[in-house]
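# Results of the structural survey
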Amino acid sequence: EYCRLMNNNLFFYLINNLSKNIFFFIGIFFLINIEVSLSFFLIFNTATPSLVSIIIFLFIKKFNYIPSNFNLILIGLLNDVFLGNNLGLTSIFFLLFKFLTENIRINITDEKHEDDWLYFTIIFVITFTVTLLINMLLNLKIPDLSPILYYIGITLVSFPIVNIIINSFYFIQRLFKS
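### A closer look at unusual backbone geometry
Even without being a glycine, N64 presents a positive backbone phi close to 55 degrees. Structurally, the position occupied by N64 is in the loop between α2 (51-61) and α3 (69-83). Not every positive phi belongs to a glycine, and L140 is a case in point at roughly 55 degrees. Residue position: L140 is located in the loop between α5 (116-139) and α6 (145-177). For L140, a relative accessible area of 72% corresponds to the exposed category.

### Description of the packing of α2 against α5
Put simply, α2 and α5 touch, their axes get as near as 11 Å, and they point 125 degrees apart. When the axis of α2 is compared with that of α5, the two are oblique. Our pair here, α2 against α5, has a crossing hand that is right-handed. Residues S53, I54 and F57 of α2 touch α5, and the partners they reach there are D116, Y119, F120, I123 and F124. Residues belonging to the contact of α2 with α5 are distributed by class as follows: six nonpolar, one polar and one charged.

What counts, and at which threshold
Residues numbered from 1 in each chain as written. Predicted model: local features only at pLDDT ≥ 70, side-chain atom pairs only at ≥ 80, totals over all residues. Heavy atoms only, no water. Helix = DSSP H or I, 4+ residues; strand = E, 2+ residues; numbered from the N terminus. Buried < 20%, exposed > 50% of the residue type's maximum accessible area, 1.4 Å probe, protein only. Axes fitted to C-alpha atoms, helices over the stretch in contact; angles between N-to-C directions. Parallel < 35°, antiparallel > 145°, perpendicular 65-115°, else oblique. Left-handed = near helix turned anticlockwise from the far one by under 90°. Contact = heavy atoms within 4.5 Å. Nonpolar A, V, L, I, M, F, W, Y, C, P; charged D, E, K, R; others polar.

All we've got here are geometric facts, nothing functional implied.
Below, the structure is given as structure tokens:
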């Protein structure tokens, strides 16, 4: 009896994790398509903000959801194929971003998430610099700095906007629950 109950709990645990991973994959896949669509607007003609990085950061920090490495590798490979980037570079970016988000903590007692923008800035700049250096080694040329700085700037400006939108949805959800 106890063994059967444990097997049922394990089954539901695995189904729960699988459904979360599938939902996360589909959501990030749509977000990648939204990022590509933003490039048609004149303001984002140079570079679009990295909304996927923002969402991965918020999922790990706010919602305590750790995306699987397989999901991040698959999403990165699909992104590279769609955009024509060096194959695997986006996967390295996502995995390094996840690793740094999980392991870098400046102030552990930050329960209200007041320093999230600072954490995100540090993690995003470190991760982007590492992948930029890898890209420079692969292509053997130094890219123009103007689009790179614009990309970093537009992503850092977009972080508080996305954070406020998610916080408002979270607040409305808590209002409906009570």
